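Spelled out, the chains give:
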Amino acid sequence: MTAPLRQSEPSVVRVTLDARAYDIAIGRGLLATLGERIKALRPGARVAIVTDEAVAKLHLGAAEAALKSSGIGSTRVVVPPGEGSKSYAAFEQVCEAVIAARVERNDLIVALGGGVIGDLAGFVASCVRRGLDFVQVPTTLLAQVDSSVGGKTGINSRQGKNLIGAFHQPVLVIADTALLDTLAKREFRAGYAEVAKYGLLGDAAFFAWLEKNWQDVFATGPAREHAIAVCCRAKAGIVARDERETGERALLNLGHTFGHALEAGCGFSDRLLHGEAVALGMALAFEFSAHRKLIAASEAARASAHLAAVGLPTHLKDVPGGVPAVDTLMDLIAQDKKVRRGTLTFILVRGIGQAFVENNVDAAEVRAFLTHKLA
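Residues numbered from 1 in each chain as written. Predicted model: local features only at pLDDT ≥ 70, side-chain atom pairs only at ≥ 80, totals over all residues. Heavy atoms only, no water.

### Notes on the overall build of the chain
Per the secondary structure count, the chain includes 13 helices and eleven strands. For 375 residues, the compact-globule formula gives about 21 Å, and the C-alpha radius of gyration of the chain, at 20 Å, lands near that figure. If one aligns the C-alpha atoms of the chain with their principal axes, the spans along those axes are about 60 × 45 × 40 Å. By residue count, 57% of the 375 residues in the chain fall in the buried class. Within the chain, contacts between residues separated by at least 24 positions form 75% of all contacts whose residues are at least 6 apart in sequence. Side-chain charges of the chain comprise 42 positive and 39 negative groups, with the mean position of each set lying 2 Å from the other. (Helix = DSSP H or I, 4+ residues; strand = E, 2+ residues; numbered from the N terminus. Rg over C-alpha atoms; globule rule 2.2 N^0.38 Å. Buried < 20%, exposed > 50% of the residue type's maximum accessible area, 1.4 Å probe, protein only. Contact = heavy atoms within 4.5 Å. Lys, Arg positive; Asp, Glu negative; His and termini not counted. Charge placed at Lys NZ, Arg CZ, Asp CG, Glu CD.)

Structure follows, in structure tokens:
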């Protein structure tokens with residue numbers, strides 16, 4: 001798991017879900033193979049490419065050319081970039097455009113973009129004509145290691161993140177790591193939070209490897225492909241064992257209970273990107289675990305130190321413009337998807353690489369912890 005992959009060697013990770021199993025192809029230059037891979041999967045299919053304006057300028061032409069070279073017709077649906085497109089309005093826009101393009105049940109939707117596009121296009125695919133197949137072509141680090149894999153799709157509610165959606169697995173994921181070369185450094189850093197998450201929740205050796213090699217992951221060498229493959233293998237295994245998050249899959253939400261509340265509290269704005277919110281949420285989850293004497297304070301400090309070294313926020317004061325008051329944060333936490341019959345569930349840790357699901361967490365304890373952190 002810690003031996004770097006050869007840069008010229010694409011990697012394939014299989015998500016084993018019986019008849020709905022699919023491959024995650026990882027490597028540089030794979031966007032050019034989009035047409036031949038789709039032709040092999042769905043001969044004769046037409047394609048609707050869903051993307052955003054920023055990604056369209058960079059990669060839509062290459063995607064369309066790859067499809068055309070394999071004789072595949074396509075139509076494009078372009079939405080504004082950013083979390084604002086995970087909305088009812090954008091969902092309606094994309095559904096109507098796909099229907100207007102006469103995309104049929106044996107055709108495909110291609111999600112070309114980051115986590116927002118993958119979630120939006122996947123949700124559209126789950127609904128239009130009562131279910132279309134779709135392909136994920138993630139263009140951000142966060143999407144390549146996390147949101148493109150596992151079939152979680154959806155949009156945001158005014159009351160919280162990802163509260164409207166469906167489980168709908170893709171039929172293929174193409175993670176072209178060359179597409180990450182065009183990412184802004186801040187976006188890449190935000191995605192790296194999800195890379196670190198896999199080490200922090202279940203793989204202490206991988207986290208130690210990241211502590212030594214994170215700068216190589218940020219470069220364009222084989223360490224990047226290796227880290228993405230390790231994360232995808234970890235998530236593929238968890239998804240295969242718990243597709244609908246009835247148990248183990250909840251571990252993938254390490255840092256997300258705090259993080260989603262902070263992200264929503266900042267209005268899903270550029271003040272706090274999703275990956276930055278996850279990093280801050282993980283730091284808080286480790287500190288809350290230390291507060292509960294589940295781990296030593298030094299373990300929490302080690303986790304936070306690595307995230308901070310990369311340039312990710314680890315303190316509430318790191319958020320530009322500040323964060324909402326504790327009452328607002330607690331209201332948002334109460335809307336978390338893991339809430340069961342009104343009681344709070346958190347992903348906590350007994351050490352680096354030792355996350356577990358803690359049910360029935362006392363809201364008063366969380367409130368006191370956040371009040372202390374805000375002070």
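Back to the text.
### Things to note about unusual backbone geometry
At R130, a residue that is not glycine, the phi angle is positive and equals roughly 60°. Position of R130 relative to the elements: it lies in the loop between α4 (115-127) and β6 (133-138). Residue class for R130 comes out exposed when judged on its relative accessible area of 78%. Phi angles above zero are rare outside glycine, and E245 is one such case at about 55°. Along the chain, E245 falls in the loop between α8 (222-241) and α9 (256-265). A residue is classified by how much of its surface remains accessible, and E245, at 13% relative accessible area, is buried.

### Topic: the nonpolar core
Counting 57 residues, the largest nonpolar core has Y192, V195, F206, L254 and F286 as the members making the most contacts within it. Ranked by residue count, the leading element in this core is α8, at ten residues. What L254 contacts, discounting residues up to four positions off in sequence, is K197, L200, L201, V278, M282, A285, F286, I347 and V349. In terms of nonpolar packing, the next biggest core, distinct from the first, is built from 25 residues, A261, F288, L332 and L348 among them. (Core = buried A, V, L, I, M, F, W, Y, C linked by side-chain atoms within 4.5 Å.)

### Considerations on the pairing of strand β4 (residues 74-79)
Of the pairings in the sheet, the one linking strand β3 (residues 47-52) to β4 comprises six bridges and is parallel in character. From the neighbouring strand, A48 faces β4, where its bridge partner is T75. (Pairing = 2+ DSSP bridges.)

### Digging into the side chain of S85
Tracing the backbone through its elements, the reader meets S85 in the loop between β4 and α3 (88-100). Residue S85 is classed as buried on the basis of its relative accessible area of 4%. Not counting residues within four places of it along the chain, the set of residues in contact with S85 comprises V79, P80, A90, V116 and L120.

### Remarks on the packing of aromatic side chains
Taken as a whole and assessed by the stated rule, the structure comprises ten aromatic pairs. A ring pair is formed by F258 and F288, whose centres lie 6.3 Å apart and whose planes are at 85°; its orientation type is edge-to-face. Taken together, the residues F258 in helix α9 and F288 in helix α10 (residues 274-291) connect sequence positions 30 residues apart. Taking the centre distance of 6.0 Å and the plane angle of 45° together, the rings of F258 and F369 count as tilted. Of this pair, F258 sits in helix α9 while F369 sits in helix α13 (residues 363-374); the two residues are 111 residues apart in sequence, bridging distant segments of the chain. We note that F258, like F369, is buried. Ring-pair connections join several aromatic residues into one group, and the members of that group are F188, Y192, W214 and F218. Cation over ring: K197 sits above Y198, and NZ or CZ is 5.0 Å from the ring centre. Its guanidinium or amino end placed over the ring of F356, R350 lies 3.7 Å from that ring's centre, counting from NZ or CZ. (Phe/Tyr/Trp six-rings, centres within 6.5 Å; stacked < 30°, edge-to-face > 60°. Lys NZ or Arg CZ within 6 Å of the ring centre and 35° of its normal.)

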